[in-house]
Structures are given as C-alpha cells and as structure tokens.
Amino acid sequence: QLDARQDYYIDEEKWTLHLAIDVASGVFVGAYFDKEETLNGYQHVLYQIIKDYGIPKCILTDNRTVFEFLNKNSKEESKNTLIQFRYSCIQLGIKLQTTSVATYKSIIERANGTFGRRVPQEMKLLGIRDLVTANAFLKNYLKEMNKKFSHDYIGKNVFRNSPDDETLCNFIGT
C-alpha cells in the first residue's frame, strides 16, 4: 500500500511524507519527503521498493491524478492519459489498484498516522531542518521501525527480482 500525508514535520513548514508498506509483513518498504504530494515523491518511493525488495506484484493506493486520470467522457482506460507512474508500473509488470475508500487501505493510513506523530519529534531531537537531511534520516528510520514492528512473512513472496540500475532508472525516471 502506498500513500502520502502532509503535516508539519518541522515547525516552519508543511512537508509531505510519501510512504509505502508491505501489508503481509508490516515492513515499511519506502519513504520520501517532498514539499507537496508529487509524482517525484512517489517515483522515489517506487525506486526504493524495487531497489531494496524487488518489483512488487501489486500496489494499492488512492485515486489521486498522479496515479489515475479518467477522462470525464470515457471510462475506458485505453482512451485515458497514461500517467507516468502508471506507465512505470505497466512497464515493470506491477498491477496498480486505486481506490477512494480509505478503509480499503487502512494499514497505510494507520502507518501514516504513526509516522506523523513520531517522525517530527525524532527529527527535532536530531536538529533536522531540510528535505535532503530528512530523506537521509528516513532511510535509517525505516530500518529501525522495521526492526521494532515488522515480522517475517513465510507466505508467498510478492516481489520479483529488480532490474539493473540503468534499466530501473529508465522505467521510473529518477
């Protein structure tokens, strides 16, 4: 599941945290701060997921236009604009499901709430004031959170092997 939350992660301004979690294991698989909810933020998270875990079988997220754009006159996907994120997913063989029902993606919604309460205090203690440092902090913070809260999943692996860096960057555009 993939989602974003805008909040005051530092006192002076709102940032948006793009966050992804593997539902089966509870592992946080990607996180990225940006000023707004952006394609750039989601592309960075997708890159992290694929680089660290492999290509996911499916991503569930909300109906934002960064993922889904339906022309008012047509509900047929073939006649709609292929959004860059969706195009990346198609190229990588990732099923992208979108929903407007928050309870359908409740795990990422709760995770965003947890991060929204914990991350600002952690960053304040460390004196983090800028996006570059905050994104570097998130990489280690995800590892800490995963050690504390995730669990081994012995079921079927939903990640496929990732392509080499050059191919991956061409697909995602990071």
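Scroll up a little and you will see the structure.
Being a predicted model, the structure only gives us computed values, none of them experimental.

Applying the stated criterion to the full structure yields seven salt bridges. Note that Lys 105 is salt-bridged to Asp 3, the shortest N-O span being 3.5 Å. A residue pair is termed long-range when its members are at least 10 positions apart, and Lys 105 in the loop between strand E6 (95-99) and helix H3 (106-126) and Asp 3 in strand E1 (residues 2-7) qualify at 102 residues. With relative accessibility at 3%, the residue Lys 105 sits in the buried group. Between Asp 7 and Arg 5 there is a salt bridge, and its shortest N-O distance comes to 2.9 Å. Salt bridges sharing partners connect three or more residues here, namely Asp 3, Lys 105 and Glu 109.

Ring pairs (aromatic) are described by centroid distance and by the angle formed between their planes. Under the counting rule described, the total for this entry stands at seven aromatic pairs. Residues Tyr 53 and Phe 159 carry aromatic rings whose centres are separated by 6.0 Å and whose planes lie at 35° to one another, so their mutual orientation is tilted. One end of the pair, Tyr 53, is in the loop between helix H1 (39-52) and strand E4 (55-56); the other, Phe 159, is in strand E7 (residues 159-160), with 106 residues separating them in the sequence. The rings of Phe 28, Phe 115, Phe 137 and Tyr 141 are connected pair by pair, giving a single aromatic cluster.

With that settled, consider the sheet that holds strand E2 (residues 15-22). The strand order across the open sheet formed by three strands is E1-E2-E3, and the pairing between neighbours is antiparallel. Strands at the two margins of the open sheet, each flanked by one partner only, are E1 and strand E3 (27-34). Averaged over all neighbouring strand pairs, the angle between strand axes comes to 20°, with direction disregarded. Sheet topology note: the E1/E2 ladder contains six bridges and is antiparallel. If you follow Asp 7 over to E2, its bridge partner there is Trp 15.

Let's shift gears to H3. Counted at 1.5 Å a residue, the expected span for H3 with its 21 residues is 30 Å, and the 30 Å between its end C-alpha atoms agrees. Along H3, the helix axis deviates most sharply at Arg 118, where the bend reaches about 30°; the proline Pro 120 sits within four residues downstream. Within H3 the residues assigned to the buried category are Ile 108, Ala 111, Asn 112, Gly 113, Phe 115, Gly 116, Val 119, Pro 120 and Met 123. Those residues of H3 that are buried lie in contact with E1, E2, E3 and helix H4 (131-149). Of the residues trailing H3, Gly 127 is marked for its positive phi of about 75°.

Cut-offs applied
Residues numbered from 1 in each chain as written. Predicted model: local features only at pLDDT ≥ 70, side-chain atom pairs only at ≥ 80, totals over all residues. Heavy atoms only, no water. Salt bridge = Lys/Arg side-chain N within 4 Å of Asp/Glu carboxyl O. Helix = DSSP H or I, 4+ residues; strand = E, 2+ residues; numbered from the N terminus. Buried < 20%, exposed > 50% of the residue type's maximum accessible area, 1.4 Å probe, protein only. Phe/Tyr/Trp six-rings, centres within 6.5 Å; stacked < 30°, edge-to-face > 60°. Pairing = 2+ DSSP bridges. Axes fitted to C-alpha atoms, helices over the stretch in contact; angles between N-to-C directions. Expected span 1.5 Å × (residues − 1). Bend = angle between axes of the 7 residues up to and from the residue. Contact = heavy atoms within 4.5 Å.

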